[in-house]
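# Examining the three-dimensional arrangement
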Amino acid sequence: MTHPFLDLAPLSAARFAAVEDRVARLLGTEQDVVIMQGEALLPLEGAIRGTAGPGTTALNVITGPYGQTFGNWLRDCGATVIDLAVPFHTAVTADRIRQAFAEHPEIDFVSLVHAEAATGNTNPVAEIGEVVRAHGALFYLDAVASVGAEPVLPDAWGVDLCVIGAQKAMGGPAGVSAVSVSERAWARMAANPRAPRRSYLSLLDWKERWIDGGRKALPHAPAQLEMLALEACVERIEADGPAAVMARHRAAALSARAAARALGAGVEPYVYEAAEAAPVATTLRTPAGVVASEVVARALELDPALPLAAGGGALAKEMIRVNHYGADATPGAVRGCVAALGAVLAERGLRVDVAGALRAAAEAWR
């Protein structure tokens, strides 16, 4: 049996390196970029295990579920972890980071999620980066959800480890991911006796076997189809222009928030301030007594293609996510979600203004 996807020539080291270079240009970075052969949890965990250990004191910022995961990994590495948790309907501020440094000057590692698609907030990384740089801590950033939807600039922001994935705003595959690594981060790994080696989690293996060798021979067979898909989605962003792609995501967020406020029935944006809302997804708070997961399930019965999801865990009762990223960063996707949610709430006897919400969505798209 033959198939065009099964009969491709092996991906060369030169082409693999060329894709890495294009990702580096997308991030505006001169740091080393490693494309890892797995979903973004691979470099997210690998970067922490490579740089953290018993001598590390980490400030772990929690603005959603991924921050909680990072804290668990850091503790598992033996690090002393200071959690800075803020309500999921808001963002952390640079002043909060500065205050944490004043209270704990021994902090030498900061972990932060840029945009939390799960909760719909985004953090001011540029401002936070200035504070972290002044303190001298290593800065680890999860930009998986934000890349493509808003600027991600590791060099300008002083980020030492910046992890991205293509499956959200970039509109690409989930099976490969990338991390930019500063010289400081490489040095921290090299000095860490607990850094993974001869392991799928090991960034040092990639440096020693791939980067230091001039990127001439891949350390193992790459995930070819996923690499080609990543290359294609970066080409599409380059063709459209990153500014245009980000503008679509920003417009989708403004449109969804305006529609939610106009819909009525007690629906409102989960993240209170528009400046703290992520362009990649808009989260909505359901009316009292209305279970979000049930509303989403019914809306998806009406249209299974809608980019809707309920919040995870305890948030499933009160949060609806409109995932307007990638191919769904369009007026049509926002309209479809608003219309379906309005129809479901009307079925439950709540008074909604779907027509008004759709007008508000159209007027806010800009």
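Just so it is clear, the model here is predicted, and its values are computed rather than measured.

Within the protein chain, the regular secondary structure consists of 13 helices and 13 strands. Against the 2.2 N^0.38 benchmark of 21 Å for 366 residues, the protein chain shows a C-alpha radius of gyration of 21 Å, consistent with a compact globule. By its C-alpha atoms, the protein chain is 65 × 60 × 35 Å across when sized along the principal axes. A separation of at least 24 residues holds for 69% of the contacts in the protein chain among residues at least 6 apart in sequence. Taken as a whole, the protein chain presents about 15,000 Å² of accessible surface, with 54% of it coming from carbon and sulfur.

Right, let's talk about the pattern of salt bridges for a bit. Scanning the entire structure with this criterion turns up 17 salt bridges. The shortest N-O distance in the salt bridge between Glu 235 and Arg 22 comes to 3.3 Å. Pair noted here: Glu 235 is in helix 9 (residues 224-240) and Arg 22 is in helix 1 (residues 13-27), with a separation of 213 residues, a long-range link. Residue Arg 22 is classed as buried on the basis of its relative accessible area, which comes to 18%. Of the charged contacts in the structure, one is a salt bridge between Arg 49 and Glu 45, with a shortest N-O distance of 2.6 Å.

The next thing to look at is a nonpolar patch on the surface. A surface patch of nonpolar side chains, amounting to about 280 Å² of accessible area, comprises Phe 5, Leu 8 and Leu 225. Along the chain, Leu 8 turns up in the segment before helix 1.

Turning our eyes to something else, we now look at the UniProt feature "binding site: substrate" (unreviewed entry) in the protein chain. Within this structure's numbering, the places UniProt gives as "binding site: substrate" (unreviewed entry) are Arg 321. Its location among the elements puts Arg 321 in strand 13 (residues 319-322). Looking at Arg 321, the relative accessible area reads 16%, which means it is buried. Those residues in contact with Arg 321, other than ones at most four positions away along the chain, are Ala 117, Ala 118, Thr 282, Thr 283, Pro 307, Leu 308, Ala 309 and Ala 310. In terms of polar contacts, Arg 321 uses its side chain to reach the backbone carbonyl oxygen of Ala 117, at 3.3 Å.

An α-helical turn contains 3.6 residues, so a residue and the one three or four places further along point in the same direction. The set of residues buried in helix 7 (residues 183-190) consists of Ala 185, Trp 186 and Met 189. Buried positions in helix 7, seen along its axis, are confined to an arc of 100° and lie on one side of it. Structural note: helix 7 exposes Glu 183 and Ala 190 on the side pointing more than 90 degrees away from its buried face. Buried residues along helix 7 sit against strand 1 (32-36), helix 2 (41-51), strand 7 (138-142), strand 8 (161-165), strand 9 (177-181) and helix 8 (203-211).

Evaluated as defined, the whole model comprises 5 aromatic pairs. Seen in terms of ring centroids, Phe 70 and Tyr 140 are 5.3 Å apart; in terms of plane orientation they differ by 85°. Their pairing is edge-to-face. On the criterion of sequence distance, the pair formed by Phe 70 in helix 3 (residues 65-76) and Tyr 140 in strand 7 is long-range, its members being 70 residues apart. Note on Phe 70: relative accessible area 0%, which makes it buried. What makes Tyr 140 buried here is its relative accessible area of 0%. Cluster of aromatic residues (ring-pair linked, three or more members): Phe 70, Trp 73, Phe 109 and Tyr 140. The ring of Trp 186 is capped by Lys 207, whose NZ or CZ atom sits 5.3 Å from the centre of that ring.

For the rest of this paragraph, the subject is unusual backbone geometry. One non-glycine residue, Arg 198, adopts positive backbone phi at about 50°. Tracing the backbone through its elements, the reader meets Arg 198 in the loop between helix 7 and helix 8. The exposure class of Arg 198 is exposed, given its relative accessible area of 75%. Positive phi, close to 55°, is recorded for Arg 215, a residue that is not glycine. Its location among the elements puts Arg 215 in the loop between helix 8 and helix 9. Given a relative accessible area of 24%, Arg 215 falls into the partly exposed group.

Cut-off values and rules
Residues numbered from 1 in each chain as written. Predicted model: local features only at pLDDT ≥ 70, side-chain atom pairs only at ≥ 80, totals over all residues. Heavy atoms only, no water. Helix = DSSP H or I, 4+ residues; strand = E, 2+ residues; numbered from the N terminus. Rg over C-alpha atoms; globule rule 2.2 N^0.38 Å. Contact = heavy atoms within 4.5 Å. Areas by Shrake-Rupley, 256 points an atom, 1.4 Å probe, with all protein chains shown as cover. Salt bridge = Lys/Arg side-chain N within 4 Å of Asp/Glu carboxyl O. Buried < 20%, exposed > 50% of the residue type's maximum accessible area, 1.4 Å probe, protein only. Patch = residues over 30% accessible without salt bridge, like charges linked within 9 Å, V, L, I, M, F, W, Y side chains within 5 Å. UniProt positions renumbered as here; feature names shortened; annotations may be inferred. Polar contact = N/O pair within 3.5 Å; in protein donor to acceptor, adjacent residues only side chain to side chain. Arc of directions from axis to C-beta. Phe/Tyr/Trp six-rings, centres within 6.5 Å; stacked < 30°, edge-to-face > 60°. Lys NZ or Arg CZ within 6 Å of the ring centre and 35° of its normal.

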